[in-house]
Amino acid sequence: MSVNLTQYQKINKECAAANALLVAVSKIKPVSDIKALYDAGQRDFGENYVQELVDKQAQLPEDIRWHFIGHLQSNKVKYIVPFVYLIHGVDSLKLLKEISKQAVKLNRRVNCLLQVHIAQEETKFGLDEAELQELVASVSASPEAFEGVQIRGLMGMASFTENEAQIRQEFRQLTEWANKYLPAILPDNNSKILSFGMSGDYTIALEEGSTLVRIGSLLFGARN
Ligand SMILES: *Cc1c(COP(=O)(O)O)cnc(C)c1O
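Within each chain, residues carry numbers counting from 1 in the order of the written sequence. pLDDT decides what is reported in this predicted model: residues at 70 or higher carry local features, side-chain atom pairs at 80 or more are listed and counted, and totals for whole chains, interfaces and linings draw on all residues regardless. Heavy atoms throughout the structure, all of them, feed into the side-chain values; hydrogens and water do not.

(A) Representation of the site of the ligand. One heavy atom suffices: a residue is near a molecule or strand as soon as one of its heavy atoms comes within 4 Å of it. For the ligand, the set of nearby residues contains 13 residues, the closest of which are K27, N48, S199, S217 and R223. Each polar contact in these results corresponds to two N or O atoms within 3.5 Å; when the atoms are within protein, one needs to be able to donate a hydrogen and the other to accept it, and residues that are neighboring in sequence are counted only if both atoms are side-chain atoms. Here S199 contributes a side-chain N or O atom positioned 2.6 Å from an oxygen atom of the ligand. Backbone polar atom of G216 to an oxygen atom of the ligand: 2.8 Å apart, as the coordinates give it. Every accessible area reported is derived by Shrake-Rupley at a probe size of 1.4 Å, with residue values counting cover from the shown protein chains alone. Compared with its free state, where it exposes 390 Å², the ligand has 90% of that area covered by protein. Charged means Asp, Glu, Lys or Arg here, nonpolar means Ala, Val, Leu, Ile, Met, Phe, Trp, Tyr, Cys or Pro, and polar covers whatever is left, Gly included. Along the lines of polarity and charge, the residues of the shell around the ligand split into six nonpolar, four polar and three charged.

What follows is the structure, encoded as structure tokens:
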């Protein structure tokens, strides 16, 4: 077991002081590690892979709030919709429609974040500004087609770099887009979720107004 409880208490305090939610990213880590953090009081956990999430959910306490933070394929949506608390990585209309369809079947409304591309790296997923604008326009034009989903905010990943100014700039870009495009579709613009900040950049993220940080390796150790 490699859960760092001292680190957990420290990060927990920093998040509370900044009014941000801490999501513990437990991908690839065993159920026993999650249970150890759960016993220390943590309730929000993030996973990246559908099968792994489904397996873990079945073995762990019911009051855990599961965040899906990976790249979600439309054909796998149905497996997590029954219990997921927040889906962070929505980056297409097709995916949003499928989540809505599966949720309506279960009489649920699933909370979603739109993933935006703020990093310089080409490899990362997410909508660019024009795509974000277009997706928001589609949703506000026909809300009845999205009754099973509620968009709550944006999620993004900064570049993997030592350049703090650049990371800051990318987080600001996300916040700017959220302020510019989301009011049209949010239930309450004052409680929008801005999901940014990971182990390497969460202190910058908290300074830049993140309301939700996703932290894995600082809590659970490196993943290799
Ligand atoms: C793995 C992952 C994290 C956590 O990364 P760490 O650097 O281990 O904190 C956060 N967000 C996403 C989307 C991830 O895939």
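What follows continues from the structure just given.
(B) Up close: the pattern of salt bridges. The working definition used for a salt bridge is a side-chain nitrogen of Lys or Arg within 4 Å of a carboxyl oxygen of Asp or Glu. Evaluation of the coordinates by the stated rule reveals 12 salt bridges. Salt-bridge contacts for R65 lead to D44; the nearest nitrogen and oxygen are separated by 2.9 Å. A residue pair is termed long-range when its members are at least 10 positions apart, and R65 in strand 3 (residues 65-68) and D44 in strand 2 (residues 44-47) qualify at 21 residues. For R65, a relative accessible area of 30% translates into the label partly exposed. In this structure D44 comes out as buried when scored by relative accessible area, which is 5%. Its salt-bridge partner being K180, residue E129 comes within 3.2 Å of it at the nearest N-O pair. Within this pair, whereas E129 is found in helix 6 (residues 129-141), its partner K180 is found in helix 7 (residues 164-181), the two being separated by 51 residues in sequence. With relative accessibility at 27%, the residue E129 sits in the partly exposed group. Where salt bridges share partners, they join E164, R168, R172, E207 and E208 into one cluster. Helix and strand definitions follow DSSP, with helices as H or I runs of at least four residues and strands as E runs of at least two, each counted in order from the N terminus. In this scheme, a residue with accessible area under 20% of its type's maximum is buried, one over 50% is exposed, and one in between is partly exposed, where area comes from a 1.4 Å probe on protein chains only.

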